[in-house]
Amino acid sequence: MAALKAISEPPSPHNNRAAAASAEPAAAGASVEVLGDSLEEFLVKATGDKALRKLMSSMGEAGRQIAFKVRTASCNKTACVNSFGDEQLAVDMLADKILFETLQYSQVCEQACSEEVPEPLDMGGKGFSVAFDPLDGSSIVDTNFAVGTIFGAWPGADLKGITGRDQAAAGMIVYGPRTVFCLALKDFPGCHEFLLLDDGTWQHVKETTQINEGKMFSPGNLRATQDNPEYSKLVDFWLKEKYTLRYTGGMVPDVFQIIVKEKGVFSNVTSPTTVAKLRILFEVAPLALLVEKAGGASSCDGQQLSGLDVPITEWDQRTQICYGSVGEVKRFEEYMYGSAPRFS
């Protein structure tokens, strides 16, 4: 544990956490003025669950450390592969290590798994289990595009036989020109953005509660348009309507922009010759909670279901997905499946 402490314990500038943790929280789901608050101050106002507050603070600390590693680590490819056969970069494994060690040190995590280590590991704590993608978009780190960490936190010890709607919280940490922590809690309104400051603390800078209609699109897996005629027609619609293309190939920045710009649509669709790559547990369900708490919608797995409602039966369960404003997700289902009864 001493070794873990050396890596994961918050530095001395964060000693205000103890005081924040002892403060009286607002009632669950209450609307409070939180812009400008530190992450710890926000959490006290947002939830009375001390274990959840500690877990989210721990994820913030892990994100702070990973942000430094992304800026300074070698991006040379290694011979390593994860158990799904995906080639990794050195910085992937650094991020993975930091997150597992931080969760073990937190003492509020029971089980944890990642895209790199998909079978859950015992973290020795009590309260929540966490699934995470340590560095989504790692293949574009060397191009200096934004990348990020995605995570979902579920109460108890189960990471199968659950849905995204069972999450207590979800987040993504975006490592770009700025480092930001985008966080949503199940029982508190809105999706919340925190900025990493020079002193290593997180400051609440934005709350999003509505995703509006707007002509911005981020179409993943465009190869599928060659043998998925419905997807081809939808992409043609976006082009004919002169939507603005905003696509990096990194799921974190491509979804985060919907929240921060409060408009747009992201899609990643399969076809007979292009298989699903996105994993519900590690990516799709956590991002669905963020987008839907921000006022948007999602359509998952070809079932015309929210990404929060698809049963998670396997750690490696993969899917297609659409995120965006309610109107854009409704249009997605109308083009792809001929109707959108959820939105009628």
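Conventions we followed
- Residues numbered from 1 in each chain as written.
- Predicted model: local features only at pLDDT ≥ 70, side-chain atom pairs only at ≥ 80, totals over all residues.
- Heavy atoms only, no water.
- Phe/Tyr/Trp six-rings, centres within 6.5 Å; stacked < 30°, edge-to-face > 60°.
- Helix = DSSP H or I, 4+ residues; strand = E, 2+ residues; numbered from the N terminus.
- Buried < 20%, exposed > 50% of the residue type's maximum accessible area, 1.4 Å probe, protein only.
- Axes fitted to C-alpha atoms, helices over the stretch in contact; angles between N-to-C directions.
- Parallel < 35°, antiparallel > 145°, perpendicular 65-115°, else oblique.
- Left-handed = near helix turned anticlockwise from the far one by under 90°.
- Contact = heavy atoms within 4.5 Å.
- Nonpolar A, V, L, I, M, F, W, Y, C, P; charged D, E, K, R; others polar.
- Pairing = 2+ DSSP bridges.

Thoughts on the packing of aromatic side chains
Pairs of aromatic rings are described using the distance from one ring centre to the other and the angle between the two planes. Tallied over the entire structure, the rule returns twelve aromatic pairs. Ring centres 5.6 Å apart and planes at 90° place the aromatic pair Phe42 and Phe188 in the edge-to-face group. Taken together, the positions of Phe42 in helix α3 (residues 39-46) and Phe188 in the loop between β8 (179-185) and β9 (191-196) put the pair 146 residues apart, joining distant regions of the chain. Residue classification places Phe42 among the buried positions, given a relative accessible area of 1%. Under the relative-accessibility criterion, Phe188 is labelled buried at 3%. Seen in terms of ring centroids, Phe332 and Tyr337 are 6.2 Å apart; in terms of plane orientation they differ by 80°. Their pairing is edge-to-face. Phe332 gets classed as buried once you look at its relative accessible area, which sits at 1%. Note on Tyr337: relative accessible area 26%, which makes it partly exposed. Taken together, the ring pairs connect Phe42, Phe151, Phe181, Phe188, Phe194 and Trp202 into an aromatic cluster.

With respect to the packing of helix α4 (residues 50-72) against helix α5 (residues 90-106)
Remark: α4 packs on α5, axes separated minimally by 9 Å, with the N-to-C direction vectors making an angle of 155°. Classified by the angle between their axes, α4 and α5 sit roughly antiparallel to one another. Here α4 runs over α5; the crossing is right-handed. Here Lys54, Leu55, Ser58, Met59, Ala62, Gln65, Ile66, Lys69 and Val70 of α4 lie close against α5, whose contacting residues are Val91, Leu94, Ala95, Ile98, Leu99, Thr102, Leu103 and Ser106. Taken together, the residues that form the contact of α4 with α5 break down as eleven nonpolar, four polar and two charged.

Section: the sheet that holds strand β4 (residues 121-122)
Here we have eight strands laid out as an open sheet, ordered β4-β3-β5-β6-β7-β8-β9-β10, and mixed in their pairing. The open sheet is flanked by β4 and β10 (202-208), the only strands paired with a single partner. Of the pairings in the sheet, the one linking β8 to β9 comprises four bridges and is antiparallel in character. Within β9, the position partnered with Phe181 by the bridge is Phe194. On top of the sheet, α4 reaches β5 (128-136), β6 (147-155), β7 (169-175), β8, β9 and β10; it is set at about 15° to β7, its chief contact. Packed on one face of the sheet, α5 meets β3 (109-114), β4, β5 and β6 and runs near 160° to β5.

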